[in-house]
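# A closer look at the structure
The lines below spell out each chain.
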Amino acid sequence: MYSIELSLEQQFSIRSFETRVSQMFCEQAQSFLFKLYHQMIVQAAIFKQLLKHEWELDGKSLNQ
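Anyway, here's the lowdown on the structure attached to this text. Predicted model only: the values in this text are computed from it and were never measured.

## Points about the overall build of the protein
Along its length, the protein carries 2 helices and 0 strands. Evaluated residue by residue, the protein yields a buried proportion of 2% over its 64 residues.

## Some points on a nonpolar patch on the surface
Taken together, the side chains of Tyr2, Ile4, Leu6 and Ile14 define a hydrophobic patch exposed on the protein surface, amounting to about 460 Å² of accessible area. Looking at the element boundaries, Ile14 is found in helix 1 (residues 8–22).

## Looking at the pattern of salt bridges
Counted according to the given criterion, the structure contains 1 salt bridge. Between Arg15 and Glu18 there is a salt bridge; the shortest N-O distance is 2.7 Å. Taken as a pair, Arg15 and Glu18 lie in helix 1 at a separation of 3 residues, close to a single helical turn.

## Concerning the environment of Leu6
Counting through the fold element by element, Leu6 comes out in the segment before helix 1. Each residue touching Leu6, except ones within four places of it in the same chain, is listed here: Gln11 and Ile14.

How each quantity is defined
- Residues numbered from 1 in each chain as written.
- Predicted model: local features only at pLDDT ≥ 70, side-chain atom pairs only at ≥ 80, totals over all residues.
- Heavy atoms only, no water.
- Helix = DSSP H or I, 4+ residues; strand = E, 2+ residues; numbered from the N terminus.
- Buried < 20%, exposed > 50% of the residue type's maximum accessible area, 1.4 Å probe, protein only.
- Patch = residues over 30% accessible without salt bridge, like charges linked within 9 Å, V, L, I, M, F, W, Y side chains within 5 Å.
- Areas by Shrake-Rupley, 256 points an atom, 1.4 Å probe, with all protein chains shown as cover.
- Salt bridge = Lys/Arg side-chain N within 4 Å of Asp/Glu carboxyl O.
- Contact = heavy atoms within 4.5 Å.

This is how it looks when you write it as structure tokens:
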């Protein structure tokens with residue numbers, strides 16, 4: 001994995017998230033992780049569709 005510089009706001013957000021998650025019960029954490037994973041999959045699908053549209057990779061010729 002590569003390293004990327006995060007802003008102070010992003011670092012604070014990560015630390016705040018860590019604190020909230022560490023205070024959850026197991027069932028709460030499992031439910032939260034399921035919802036988070038679902039959102040990540042949806043986000044990846046949206047990015048894929050946006051890139052296909054932007055790069056015109058949806059089966060259409062670039063010359064049309």
